[in-house]
Amino acid sequence: MGSGKVTDGQGLSWEGKHVTVAGLGVSGIPAAKVLHGLGALVTVVNDGDDERSRAQAADLEALGITVRLGDGATLPEGTELIVTAPGWQPDKPLFTAAREAGVEVWGDVELAWRLRGPEAAPWLAVTGTNGKTTTVQMLASILKAGGLRTAAVGNIGVSVLDAVLGDEQYDVLAVELSSYQLHWAPSVRAHSAAVLNLAPDHLDWHGSMEAYAADKGRIYEGNRVACVYNVADKATEDLVREADVEEGCRAIGFTLGSPGPSQLGVVDGILVDRAFVEDRQRNAQELAEVSDVDPPAPHNIANALAAAALARAFGVPAKAVRDGLRAFTPDAHRIAHVADVDGVAYIDDSKATNTHAAEASLAAYESIVWIAGGLAKGATFDELVAKSAKRLRGVVLIGADRALIREALARHAPEVPVVDLDRTDTGAMLAAVQEAQRLAAAGDTVLLAPACASMDMFANYNKRGDAFAQAVRELGA
């Protein structure tokens, strides 16, 4: 490193500081390299000791970084700070040992925040059980339409660390933050932030709904301009009330109904702003039409309103909201129309990996043959089925925890025909689509909205959605 004192963007010296990085992977490896480059003495610990981990370890060791494979539980001697991958659970023995030794634990997002330079771009941050990625991408599209240099970063593919330390200069960053990342990011202070919704998810990681909500609520801490919440989800407003924000920071609601003062909402098919206008008691600003939102499903309109609220909080003009929404193209496997076959629409919402997301997806259609199932992650399905029963023409169940959904259907929708496919192989998707076709009539929608994770059958939700789309194409061949 040379003889000079190496400092980060805030002038803090890392030279000789003993830092343990927990976990190889998309966050651990960049963090280890950055810290090593700043002069820290880095040790990477990792639970796994497979061929991929050994190859990654060899690359880091060639730089002079110490790597311990197969031992993610023991705190290395002399550790002064731990930087962890976001998915590592708080009750792991490594973190228990750290607490007992008085060692701080940061996530990669916290590290990025601490390494920001004095002229760093402010963050517009988004969290929620569902809709985060879409909302952040919409937000980035709106900001770009407003002439701002920006990027969608965070729990979205581009790491915040790369964005903060890269050569590109930004005016503002659109940042997606998961509950895991927020748990390990105590110092992050956004310009403005949104919690889109709150529903039980990842409770095996957080330990309780209260702990999960508390971690989501961290996103509001220290907000300067706006805390954006969902009028239809009181829990998000409660988090705003509990947050310690800067003087003058405002609570801004979004609603699918007509907005009140300090809210954004929908009036006669128009997205309107009654928050960032003069005399908001009497005035409203038209932002875009519902038809500018792709797809115009109710929960996606809510995402657009949240994105618009954050952009307006940053001073973006109304025209940029419309132009940004029109320019936005949703990612694959998010309410994606695959094909129409014999008058039946086939929709891929493989990204609906929990009950809250599946409920939003089911609410977008009137008559549905529902393909569901997978890994439940501790979820229950009674509320989902009870709310959606009237829309269901039939249900096809796949995956390891399908019995939980079948039992909920028996309790709340006993008249709905159910096909229970006792298979977890990847070929089960073709059989599921064939059964759905048999149950569907012209005008129906066959909807893959599993309400479960995919890893019992597929590598990820993308692969599951790809299998669905391929099966639908075979129907139409």
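Just above sits the structure.
Residues numbered from 1 in each chain as written. Predicted model: local features only at pLDDT ≥ 70, side-chain atom pairs only at ≥ 80, totals over all residues. Heavy atoms only, no water.

Caption draft 1: Quick peek at the overall build of the chain. Counting its regular elements, the chain contains 17 helices and 20 strands. Along the first, second and third principal axes, the C-alpha set of the chain runs to 75 × 60 × 40 Å. Classification of the 477 residues of the chain by burial places 54% in the buried group. Across the chain, the fraction of contacts at a sequence separation of at least 24, relative to all contacts at a separation of at least 6, is 64%. Counting 42 positive and 63 negative side-chain charges, the chain places the averaged centre of each group 3 Å from the other. (Helix = DSSP H or I, 4+ residues; strand = E, 2+ residues; numbered from the N terminus. Buried < 20%, exposed > 50% of the residue type's maximum accessible area, 1.4 Å probe, protein only. Contact = heavy atoms within 4.5 Å. Lys, Arg positive; Asp, Glu negative; His and termini not counted. Charge placed at Lys NZ, Arg CZ, Asp CG, Glu CD.)

Caption draft 2: The side chain of Thr20, seen in detail. Along the chain, the position of Thr20 falls in strand S1 (residues 18-22). The class of Thr20 is buried, set by a relative accessible area of 1%. At 2.8 Å, the side chain of Thr20 forms a polar contact with the side chain of Thr79. With residues near it in sequence (within four places) discarded, Thr20 still touches Thr43, Val45, Pro76, Thr79, Leu81, Ile82 and Val83. (Polar contact = N/O pair within 3.5 Å; in protein donor to acceptor, adjacent residues only side chain to side chain.)

Caption draft 3: Broad picture of helix H1 (residues 28-37). Those residues of H1 that fall on the buried side of the exposure criterion are Gly28, Ile29, Ala31, Ala32 and Leu35. Burial along H1 is one-sided: seen end-on, the buried residues are contained in an arc of 165 degrees. Among the structural elements, S1, strand S2 (41-46), helix H2 (51-62), strand S4 (81-84), helix H4 (108-115) and helix H6 (160-165) are those in contact with the buried residues of H1. Note on H1: the residue one or two positions beyond its end, Gly39, has a positive phi of about 100 degrees. (Arc of directions from axis to C-beta.)

Caption draft 4: Region of the structure containing the nonpolar core. With 53 residues, the main nonpolar core has Trp14, Leu35, Val44, Leu111, Leu173 and Tyr220 as its most contacted residues. By residue number, the principal contributor to this core is H4, which donates five residues. Contact partners of Tyr220, with chain neighbours within four places excluded, come to Ala193, Ala194, Val195, Cys227, Val228, Tyr229, Thr236, Leu239, Val240, Ala243, Asp244 and Val245. Of all hydrophobic cores here, the second largest spans 41 residues; its members include Val126, Leu271, Leu305 and Ala311. (Core = buried A, V, L, I, M, F, W, Y, C linked by side-chain atoms within 4.5 Å.)

Caption draft 5: Structural context of the environment of Tyr220. With respect to the element layout, Tyr220 can be found in the loop between helix H9 (209-217) and strand S10 (226-230). Judged by its relative accessible area of 0%, Tyr220 is buried. Distance in space between the C-alpha atoms of Tyr220 and His191 is 9.4 Å, their sequence separation being 29 residues. In terms of polar contacts, Tyr220 uses its side chain to reach the backbone carbonyl oxygen of Val228, at 2.7 Å.

Caption draft 6: View of the environment of Val416. Its place among the elements puts Val416 in the loop between helix H15 (402-412) and strand S19 (418-420). Taking the C-alpha atoms as reference, Val416 lies 18 Å from Val344; in sequence the two are 72 residues apart. Those residues within four positions of Val416 in sequence are excluded, and the remaining contacts are Ala389, Leu392, Arg393, Gly394 and Val395.

Caption draft 7: Structural context of unusual backbone geometry. Between Asp294 and Pro295 the backbone carries a cis peptide bond, its omega angle lying at -10 degrees. Of note in this structure, Asp268 is not a glycine but carries a positive phi near 50 degrees. Mapped onto the elements, Asp268 comes out in the loop between strand S12 (263-267) and strand S13 (270-273). With a phi close to 55 degrees, Asp342 is a non-glycine residue in the positive phi region. The residue Asp342 is located in the loop between strand S15 (336-341) and strand S16 (344-348) in this model.

Caption draft 8: Molecular detail of the packing of helix H5 (residues 132-145) against helix H11 (residues 298-313). Put simply, H5 and H11 touch, their axes get as near as 8 Å, and they point 45 degrees apart. Between H5 and H11, the interaxial angle falls into the category oblique. Crossing of H5 over H11 shows right-handed handedness. In contact with Thr134, Thr135, Met138, Leu139, Ile142 and Leu143 of H5, H11 contributes Asn300, Asn303, Ala304, Ala306, Ala307, Ala308, Leu310 and Ala311. Among the residues making up the contact of H5 with H11, the classes are represented as 10 nonpolar, four polar and no charged. (Axes fitted to C-alpha atoms, helices over the stretch in contact; angles between N-to-C directions. Parallel < 35°, antiparallel > 145°, perpendicular 65-115°, else oblique. Left-handed = near helix turned anticlockwise from the far one by under 90°. Nonpolar A, V, L, I, M, F, W, Y, C, P; charged D, E, K, R; others polar.)

Caption draft 9: Broad picture of the packing of aromatic side chains. What the rule picks out here adds up to four aromatic pairs. Between the aromatic rings of Trp113 and Trp123, the centroid separation amounts to 4.8 Å while the plane-to-plane angle is 80 degrees, which identifies the pairing as edge-to-face. Placement of the pair is Trp113 in helix H4 and Trp123 in strand S6 (residues 123-127), with a sequence separation of 10 residues. You can call Trp123 buried: its relative accessible area is 1%. By the ring-pair criterion, three or more aromatic residues cluster together here, those being Trp88, Phe95 and Trp184. When the ring centre of Trp88 is taken as origin, the NZ or CZ atom of Lys92, which lies over that ring, is 4.7 Å away. The positively charged end of Arg116 is found above the aromatic ring belonging to Trp113, 3.7 Å away from the centroid. (Phe/Tyr/Trp six-rings, centres within 6.5 Å; stacked < 30°, edge-to-face > 60°. Lys NZ or Arg CZ within 6 Å of the ring centre and 35° of its normal.)

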